[in-house]
Amino acid sequence: MAELNPVKLWLMRLSYLGFALLILFAHLLPLEINPRPFGGPDALVALTFAWALRRPQYVPMLLVAFVLLLADMLLQRPPGLWAGLILLGTEWLKSRDRALRENTFFAEWVTVASVLLLALVTYRAILGLLLVSPGALSLSFMQYGTTMAIYPLIAGLSYMVFGSAKGKKDDLDQMRHRT
């Protein structure tokens, strides 16, 4: 029965915040003059989903909301829409983490892909209803595909570097509740 040390818990939360800020910084760097012809991956969403499924206590709702709202502001998206959809997806994945602990990585990957696809379709539908141009559909689906392609890499790096493996069925959190 593993109890989570409060120092490690806050260190991992700060690590998530640091990685999120690093991803945003890298995304904002002016590396190219011309726009790219393809949609790059949303590494922030992949990181958030991977940590939400593997160690949900590392990514509390308020931290995820802050990071995603900051990303919306910095990346000039409609404030709160993408953040809200991804936050809903993250919380749903957190509620399903116990059911996914016994499954294979492929089942986890398909679940994450389904949640992200639902968020993407909902995002584009809401923007369409509000008469806001959502951009090219092909770029959105390219970004979706590349995000799903790097998800195993991010989940693997999270496991190797931080040891954020899926919790065991009998793990207890610091309040002695099953995680």
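Computed from a predicted structure; not experimentally measured.

Asks: Explain the layout of surface pockets residue by residue, including any values.
Replies: For the largest pocket, the calculated volume is near 1,400 Å³. As for the largest pocket, its lining consists of 45 residues, and the residues nearest its centre are His 27, Arg 36, Gly 40, Pro 41 and Gln 143. Elements represented by at least two residues in the lining of the largest pocket include exactly helix H1 (6–28), helix H2 (43–54), helix H3 (61–74), helix H5 (105–129) and helix H6 (137–162).

Asks: Tell me about the packing of aromatic side chains, residues and numbers included.
Replies: All told, the structure shown has 5 aromatic pairs when counted by the stated rule. Here the aromatic rings of Trp 82 and Tyr 123 are separated by 5.2 Å at their centres, their planes lie at 75°, and the arrangement is edge-to-face. Taken together, the residues Trp 82 in helix H4 (residues 81–100) and Tyr 123 in helix H5 connect sequence positions 41 residues apart. Take Tyr 123: its relative accessible area is 11%, and that puts it in the buried class. Centroid distance Phe 105 to Tyr 151: 6.0 Å. Interplanar angle 15°. Geometry classified as stacked. Of this pair, Phe 105 sits in helix H5 while Tyr 151 is found in helix H6, placing the two residues 46 residues apart along the sequence. With relative accessibility at 0%, the residue Tyr 151 sits in the buried group. Among the aromatic residues, ring-to-ring pairing joins Tyr 16, Trp 51 and Tyr 58 into one connected group. Above the plane of the ring of Trp 10 lies Arg 13, whose end atom (NZ or CZ) is 4.8 Å from the centre.

Calculation rules
Residues numbered from 1 in each chain as written. Predicted model: local features only at pLDDT ≥ 70, side-chain atom pairs only at ≥ 80, totals over all residues. Heavy atoms only, no water. 1 Å grid on protein atoms, 1.4 Å probe; cavity = no way out; pocket = protein on both sides within 12 Å on 5 of 7 lines; lining within 4 Å. Points joined across faces, edges and corners; volume = space filled by probe spheres on them. Helix = DSSP H or I, 4+ residues; strand = E, 2+ residues; numbered from the N terminus. Phe/Tyr/Trp six-rings, centres within 6.5 Å; stacked < 30°, edge-to-face > 60°. Buried < 20%, exposed > 50% of the residue type's maximum accessible area, 1.4 Å probe, protein only. Lys NZ or Arg CZ within 6 Å of the ring centre and 35° of its normal.

Keep in mind that these numbers describe shape and distance, not what the molecule does.
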